[in-house]
Amino acid sequence: RNGIDYKVADLSLAEFGRKEIRLAEHEMPGLMALRREYADVQPLQGARISGSLHMTIQTAVLIETLVALGAEVRWASCNIFSTQDHAAAAVVVGPAGTVDEPRGTPVFAWKGETLEQYWWCAEQMLTWPDPDAPANMILDDGGDATLLVLRGAQFEQAGVVPPASEDNSAEYNVILDLLRRQFATDATKWTKIAAAVRGVTEETTTGVLRLYQFAAAGDLTFPAINVNDSVTKSKFDNKYGTRHSLVDGINRGTDVLIGGKKILICGYGDVGKGCAESLAGQGARVQVTEIDPINALQALMDGFDVVTTDEAIPTADIVITSTGNKDIITLEHMRAMKDQAILGNIGHFDDEIQMAALERSGATRLNIKPQVDQWTFDTGRSIIVLSEGRLLNLGNATGHPSFVMSNSFSNQVIAQIELWTKPEQYDNEVYRLPKILDEKVARIHVEALGGQLTKLTKEQAEYIGVDVEGPYKPEHYRY
Ligand SMILES: NC(=O)c1ccc[n+]([C@@H]2O[C@H](COP(=O)([O-])OP(=O)(O)OC[C@H]3O[C@@H](n4cnc5c(N)ncnc54)[C@H](O)[C@@H]3O)[C@@H](O)[C@H]2O)c1
Ligand SMILES: Nc1nccc2c1ncn2C[C@@H](O)[C@@H](O)C(=O)O
């Protein structure tokens with residue numbers, strides 16, 4: 001245990017992880033620029049950041065940037081399949097530690113956690129050694145850490161944890177069991193943490209939706225920054241990151257030829273656009289489903305048919321969900337799929353595909369290899385399901401590449417600094433970063449790619465009503 005607590009798959013993978021982290025730093029100019037800019041200032045001094053975000057090589061660079069800026073950090077992944085075990089090991093050992101003497105950051109994550117293990121990791125990530133020095137910042141991706149703290153504090157204040165129920169998801173019952181066990185020994189733990197937290201910075205679309213729901217219900221007891229809707233996050237990570245990592249996940253999972261095949265992408269938002277381009281780039285014939293006429297019109301203008309799932313499912317060779325919604329692919333849809341068609345999700349949670357119904361359906365499951373299952377129905381037809389319906393780019397592959405995550409994580413670091421150093425400027429609401437900071441992140445990455453920006457003359461700036469140094473667009477501008 002050597003001084004820091006952790007639970008990862010295999011600490012001996014640390015050296016391999018360190019080699020890949022060093023390569024990733026070269027591809028993450030935004031984070032490295034922030035380390036240089038703030039090295040002497042140490043703006044995160046005193047911050048105890050509990051982070052719930054896919055424990056990948058890219059996240060390792062984020063964690064070590066937060067530490068370089070003065071923070072103490074504890075980490076868990078936000079998905080049971082997304083951890084890269086060598087990254088987790090390298091973060092625990094740290095740049096200056098050894099396998100025998102780990103001197104890095106506590107991490108509780110390994111690839112292939114059960115749901116009970118996942119929520120145990122989440123609790124460890126939020127539980128700091130000294131009860132009088134609890135977590136005082138949360139960095140979240142999907143809102144599971146925020147949910148645990150807010151629901152835990154709510155039940156403590158109500159004096160009771162609701163009983164598990166058939167109406168809940170299996171996962172929510174796991175959370176209730178965890179909180180009930182905790183409540184039996186200490187009925188003030190989560191209230192203390194909620195009171196100490198200066199704010200949460202949320203990474204993804206689905207987590208941001210949950211934040212706005214908490215805020216609307218009056219349940220948000222600390223300020224929040226919506227990192228997802230920084231333009232340099234969602235219009236890059238969600239789109240170009242997905243363009244890179246979707247086809248990667250399908251290739252590593254199935255090695256099926258994509259060219260010439262019929263693909264159905266459900267949802268044509270930032271992620272769906274990346275999905276469609278990713279597979280159209282392989283010569284596939286891509287069709288899209290949408291509820292929103294604006295996104296549907298975009299799909300049509302991008303050359304993709306807009307169809308309904310019922311209409312398209314019987315002839316699709318590959319079906320991908322990217323809606324952030326639930327019940328997109330039902331058990332009926334799965335039974336109607338072609339023999340050996342491939343089904344995967346790249347949305348944040350696994351409820352886009354009715355996995356629970358599939359597991360209860362009587363279809364037989366044959367595991368082909370980790371995160372690839374063949375389910376055979378009584379019709380004799382089978383489907384290949386990737387990552388048990390969880391986001392396949394991180395389950396079957398290694399997620400988005402470093403350069404695009406450098407954009408997202410630069411926003412995370414800036415948001416952490418904002419909430420930590422200016423608490424008096426934030427109420428218990430959901431905020432976005434100012435455009436000038438979004439442009440700052442973009443500037444670093446344009447330069448890193450060798451782009452040559454044009455400088456406005458003073459007259460030109462006046463003509464379009466902006467400052468020479470920006471911000472260059474009004475709030476209502478859509479990129
Ligand atoms: N796997 C990853 O690496 C990754 C990266 C970024 C975001 N995400 C997740 O992907 C999901 C989508 O994110 P986004 O940024 O594209 O969101 P978005 O809101 O931009 O796009 C979702 C789209 O789905 C559409 N939609 C909603 N319900 C639908 C339905 N029933 N049928 C068809 N279309 C429907 C919406 O109209 C919207 O256009 C979220 O869960 C997000 O958290 C995953
Ligand atoms: N390599 C990677 N490391 C960490 C997280 C990664 C990732 N690839 C995708 N996400 C998920 C992000 O796109 C997250 O911003 C999200 O929106 O889900």
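Placed above this text is the structure.
For clarity, every value in this text was computed on a predicted model and none was experimentally measured.

Undergrad: So what's going on with the sheet that holds strand β6 (residues 224–226)? Residues and values would help.
TA: Spatially, β3-β2-β1-β4-β5-β6-β15 is the arrangement adopted by the 7 strands of the open sheet, whose pairing is parallel. Here the strands that pair on one side only, and so sit at the sheet edges, are β3 (107–108) and β15 (430–431). Examined bridge by bridge, strand β1 (residues 48–52) and strand β4 (residues 137–140) share 4 bridges and lie parallel to one another. Residue pairing across strands places S50 opposite I138, the latter belonging to β4. In this fold helix α5 (residues 115–126) packs onto β1, β2 (72–76) and β3, with an angle of close to 175 degrees to the strand it touches most, β2.

Undergrad: Please set out the pattern of salt bridges residue by residue, giving values where relevant.
TA: Following the criterion strictly, the structure yields 20 salt bridges and no others. Between E462 and K458 there is a salt bridge; the shortest N-O distance is 3.1 Å. Of this pair, E462 and K458 both sit in helix α20 (residues 458–464), separated by 4 residues, roughly a single helical turn. What emerges from the salt-bridge pattern is a single network uniting R365, D373 and E388.

Undergrad: Provide a residue-level description of the site of ligand 1, including the pertinent values.
TA: What surrounds ligand 1 is a group of 25 residues, the closest being T204, T205, T206, V271 and E290. T204 has a polar side-chain atom sitting 2.7 Å from an oxygen atom of ligand 1. Side-chain polar atom of N295 to an oxygen atom of ligand 1: 3.3 Å apart, as the coordinates give it. If ligand 1 stood free it would expose 850 Å²; the protein chains cover 85% of that surface. Elements with a contribution of two residues or more to the shell around ligand 1: α9 (205–216), α11 (237–254) and α12 (270–280). Its residues placed into classes, the shell around ligand 1 shows 5 nonpolar, 16 polar and 4 charged.

Undergrad: Explain the nonpolar core to me, and be specific about the residues and the numbers.
TA: Counting 53 residues, the largest nonpolar core has L44, I49, M55, L66, W75 and V107 as the members making the most contacts within it. Listed by contribution, the elements that provide at least two residues to this core are α1 (14–26), α2 (29–38), α3 (57–68), β2, α4 (85–93), β4, α18 (402–421) and α19 (435–448). With 9 residues, α18 is the single largest residue contributor to this core. Residues in contact with V107, not counting those within four places in the same chain, are D5, Y6, K7, V8, M55, W75, A88, V91 and V92. Counting residues in each nonpolar core, the second largest holds 40 residues, with W128, A145, V161 and L211 among its members.

Calculation notes
Residues numbered from 1 in each chain as written. Chains lettered and ligands numbered in written order. Predicted model: local features only at pLDDT ≥ 70, side-chain atom pairs only at ≥ 80, totals over all residues. Heavy atoms only, no water. Pairing = 2+ DSSP bridges. Helix = DSSP H or I, 4+ residues; strand = E, 2+ residues; numbered from the N terminus. Contact = heavy atoms within 4.5 Å. Axes fitted to C-alpha atoms, helices over the stretch in contact; angles between N-to-C directions. Salt bridge = Lys/Arg side-chain N within 4 Å of Asp/Glu carboxyl O. Near = heavy atom within 4 Å. Polar contact = N/O pair within 3.5 Å; in protein donor to acceptor, adjacent residues only side chain to side chain. Areas by Shrake-Rupley, 256 points an atom, 1.4 Å probe, with all protein chains shown as cover. Nonpolar A, V, L, I, M, F, W, Y, C, P; charged D, E, K, R; others polar. Core = buried A, V, L, I, M, F, W, Y, C linked by side-chain atoms within 4.5 Å. Buried < 20%, exposed > 50% of the residue type's maximum accessible area, 1.4 Å probe, protein only.

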